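Examination of the molecular architecture
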Amino acid sequence: MKMRKLFAGIAAAATLLGGMALGAASAQADDNTQATTPLLQVNNAQEGHTYTPYKFATFANAGNGTVEVNTVNAWKTAVTTAADAADNDTKNSIPAEYANNPAAYVATFNAEKIRKFAEGLAKTNPLPSADGNGLTVAASQAGTSQPVAVNGEGWYLVTDTYTKTGDTKATTGTPAVVATTVSGLTNLTISANKTTGQGNIASVGQFNAKNENPLTPPNKTAKVGTVDVNGKTVNVGDTVNFTVSATVPASAANYDKYPFTITDTASKGLQVAAATAFKVQVDGKDVDSHLYTLTQTGDAQSSTMTIIKFDDVKSLAGKTIVVSYTGTVTKDALTDLNGSVDNKATITTNGGTSGTGETESKTYGFQFKKIGVGTDENALAGAQFVVKKGGKFLRQDENGAWSLVNEQKDAKVFTSAETTGLVQIKGLAAGDYTVVETVAPNGYAQNFKVTFTVTISEDGKVTFGQDALKQVTPSNNGATTATATVKNVKSITQLPLTGAAGTTLFTVVALLVAGAGVAVAVKSRQRTH
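Residues numbered from 1 in each chain as written. Predicted model: local features only at pLDDT ≥ 70, side-chain atom pairs only at ≥ 80, totals over all residues. Heavy atoms only, no water.

1. Comments concerning the overall build of the protein chain
Each helix and strand in the protein chain was counted, giving five helices and 33 strands. A buried classification covers 44% of the 529 residues belonging to the protein chain. A separation of at least 24 residues holds for 70% of the contacts in the protein chain among residues at least 6 apart in sequence. Surface accessibility of the protein chain: about 24,800 Å² in total, with carbon and sulfur atoms responsible for 49%. (Helix = DSSP H or I, 4+ residues; strand = E, 2+ residues; numbered from the N terminus. Buried < 20%, exposed > 50% of the residue type's maximum accessible area, 1.4 Å probe, protein only. Contact = heavy atoms within 4.5 Å. Areas by Shrake-Rupley, 256 points an atom, 1.4 Å probe, with all protein chains shown as cover.)

2. Notes on the environment of Val137
Mapped onto the fold, Val137 is located in the loop between strand 4 (135-136) and strand 5 (146-149). A sequence separation of 89 residues divides Val137 from Gly48, and the C-alpha atoms of the two residues are 5.3 Å apart. Discounting chain neighbours no more than four positions away, the residues touching Val137 are Ala45, Gln46, Glu47, Gly48, His49, Tyr51 and Ala142.

3. Some remarks on the packing of aromatic side chains
Evaluated as defined, the whole model comprises 14 aromatic pairs. With a centroid separation of 5.1 Å and an interplanar angle of 35°, the aromatic rings of Phe56 and Trp155 are classed as tilted. Pair noted here: Phe56 is in strand 2 (residues 50-63) and Trp155 is in strand 6 (residues 155-162), with a separation of 99 residues, a long-range link. What makes Trp155 buried here is its relative accessible area of 0%. Ring pairing ties together the aromatic residues Phe366, Phe368, Phe385, Tyr433, Phe452 and Phe464, which thus form one cluster. Sitting above the plane of the Phe414 ring, Lys412 keeps its charged end 5.7 Å from the centroid. Against the face of Tyr444 rests Lys490, its NZ or CZ located 5.2 Å from the ring centre. (Phe/Tyr/Trp six-rings, centres within 6.5 Å; stacked < 30°, edge-to-face > 60°. Lys NZ or Arg CZ within 6 Å of the ring centre and 35° of its normal.)

4. Looking at the pairing of strand 30 (residues 451-456)
Because side chains alternate across strand 30, one face comprises the buried residues Phe452, Val454 and Ile456, and the other comprises Thr451, Thr453 and Thr455, none of which is buried. Taken together, the six bridges between strand 29 (residues 431-439) and strand 30 define a ladder with antiparallel strand orientation. Bridge pairing in strand 30 places Val435 opposite Phe452. In the sheet, strand 30 pairs with strand 31 (residues 462-464) via three bridges, with the strands oriented antiparallel. The residue of strand 31 that forms the bridge with Ile456 is Val462. Linking two consecutive strands that pair antiparallel, namely strand 30 and strand 31, is a turn of five residues; a positive phi of about 85° is found at Gly460 within it. (Pairing = 2+ DSSP bridges.)

5. Section: the pattern of salt bridges
Across all of its chains, the model carries seven salt bridges by this definition. Two residues, Asp87 and Lys113, come together in a salt bridge whose shortest N-O distance is 2.7 Å. Of this pair, Asp87 sits in the loop between helix 2 (76-86) and helix 3 (102-106) while Lys113 is found in helix 4 (residues 111-122), placing the two residues 26 residues apart along the sequence. Residue Asp87 is classed as buried on the basis of its relative accessible area of 8%. In this structure Lys113 comes out as partly exposed when scored by relative accessible area, which is 21%. The salt bridge partner of Asp410 is Lys409, with a shortest N-O separation of 3.4 Å. You can call Asp410 partly exposed: its relative accessible area is 29%. (Salt bridge = Lys/Arg side-chain N within 4 Å of Asp/Glu carboxyl O.)

6. Description of the environment of Ala277
As for its position among the elements, Ala277 is in the loop between strand 14 (270-272) and strand 15 (279-282). With 47 residues separating them in the primary sequence, Ala277 and Ser324 have C-alpha atoms 8.8 Å apart.

7. Section: helix 2
The set of residues buried in helix 2 consists of Ala78, Val79, Ala82, Ala83, Asp84 and Ala86. Phi turns positive one or two residues past the end of helix 2, at Asn88, with a value near 60°.

8. Digging into the side chain of Lys220
Structurally, the position occupied by Lys220 is in strand 10 (residues 219-224). Judged by relative accessible area, Lys220 falls into the buried class, the value being 7%. Engagement of the side chain of Lys220 in a polar contact is seen with the side chain of Asp264, the distance being 2.8 Å. Residues contacting Lys220, with those up to four places away along its chain left out, are Thr243, Val244, Asp264, Tyr325, Asn343, Lys344, Ala345, Gly357, Glu358 and Thr359. (Polar contact = N/O pair within 3.5 Å; in protein donor to acceptor, adjacent residues only side chain to side chain.)

9. Some thoughts on the pairing of strand 8 (residues 176-179)
Along strand 8, one buried face is formed by Ala176 and Val178 and the opposite face, lined by Val177 and Ala179, is buried too. Here strand 6 runs beside strand 8; their pairing, made up of four bridges, is antiparallel. When the sheet's bridge partners are listed, Val158 is paired in strand 8 with Ala176.

10. Digging into the nonpolar core
Phe260, Phe310, Ile321, Phe366 and Phe368 are the most contacted members of the largest nonpolar core, which totals 58 residues. Contacts of Ile321, omitting those with residues within four sequence positions, involve Val244, Ser245, Ala246, Val248, Phe260, Ile262, Val280, Gln281, Val282, Phe310, Val313 and Leu316. Counting residues in hydrophobic clusters, the runner-up holds 30 residues, among them Ala78, Ala83, Ile114 and Val182. (Core = buried A, V, L, I, M, F, W, Y, C linked by side-chain atoms within 4.5 Å.)

11. Considering the environment of Gln141
Tracing the sequence through the fold places Gln141 in the loop between strand 4 and strand 5. In the structure, Gln141 is positioned 94 residues away from Glu47 in sequence and 7.1 Å away in space, judged by C-alpha atoms. When neighbours within four sequence positions are excluded, Gln141 is seen to be in contact with Ala45, Leu135, Thr136 and Gln146.

12. Quick look at the confidence of the model for the protein chain
With 79% of its residues at a pLDDT of 70 or more, the protein chain shows a mean pLDDT of 83. For residues 189-194, every residue scores under 50 in pLDDT, and the model assigns this stretch 26 contacts once sequence neighbours within four places are set aside. Confidence drops under pLDDT 50 across residues 518-529; counting only partners more than four residues distant or on other chains, this segment forms zero contacts. (pLDDT = per-residue confidence, 0-100.)

13. So, the side chain of Asp131
Along the polypeptide, Asp131 turns up in the loop between helix 4 and strand 4. Buried charge without a partner: Asp131 forms no salt bridge, and the closest opposite charge is Lys55, 5.6 Å away. At 2.9 Å, the side chain of Asp131 and the backbone nitrogen of Lys55 are in polar contact. (Lys, Arg positive; Asp, Glu negative; His and termini not counted.)

Structure (structure tokens):
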């Protein structure tokens, strides 16, 4: 009988441990339960996974709290190999009396050895024929308990395979070693290390699937006010409201302790609020601050990492933790005219680290070159401009942050640069802008100052509008590389005179002449009275 190993006090190993079966509970089988069609039950079934049973040992002579374990002939070699590997990787470690019944020897293993045994047994290539119908979990079954049909009472290896989105080849998940219920065997006690995820098992024939699907990445949002700016544009100076929504796996309830860490990384160019300003909530209510620690390193000149670490979220199994905070876009985000800011978050549990939840926002700008006539035809310094948006003027503080003001006197003044004549306006969100020349350089006509429009699209393309006197000449208009030259003249005769420009000039001259005529008429009338 020793060679067949009585199956009683070792029920934990035979029933629950290994791979998916990571722990145990304490329960008893119903004295009146007689399983006519043995089933295995997988709890927390994972969508898209297929659980396939392979019987490597049978049960016999159940009674008086014991049952004999007998290795299935087709599995003897595989069980022996896996047992040797699990038994401190020692070859020929199985005692001679178990040589023909290695599964009975496996029944003496502790929890850790059973886990290793399950992993090794699942690597058998090829696996013998399955002993039951594999269960492929549909979306409607995900997270529930589902039966896996098997052929008779016994000890089963249950493999877990699934195909990740975008993959063409199935991936092998963590296997389980699970026993069915046993007819004629009552008062079966299940006991094992429940810190590894089987804390809610109520009877033999059940196991909790590990959360073998990749952890669901956290969901991230980025809004300025109520406007979603993920994938869109922002101004330097905008305050962005960020949220990180991280769902605790339902399987966390099966553990005595389930650590859970949210790591949030903000890129260069985001001045993240202090750690004390972060909100951590579940169901709209603040989480007890004693349940987690929050640490923060870095700054807007490099990047900022914030770590929210929970030692145990078992009580939050299946819940979504929402972390919210603000970040201000700074000029550090800029690279030349344009720039971007992004924010990434991951979840880490004892099952590994999730994929990344991410937001990204762009910031753009535009530039033009001021030119004159004669010696200034390549560059003209000293012209001054203001920029309007939606009827208000752009203002910029010393940190590069933009705001809108009503009065021109409060607006940011841009001056065309010495030598190059260049004017650059950086760190803007998409939109329609109006550039107004307020001062022409000395020696240039003040009555021919230029006003023109600029449109920045969400993808950074810049389009320059034409001014009334055709003094704006775009290059690559409608492209991200668009620029323009903006001309000043000293007299009306230096305005463009070809095509539509000539028509515009004659219109101006006509208006000037008409204005002179009105003045003469008024004066003449004054003399007659």
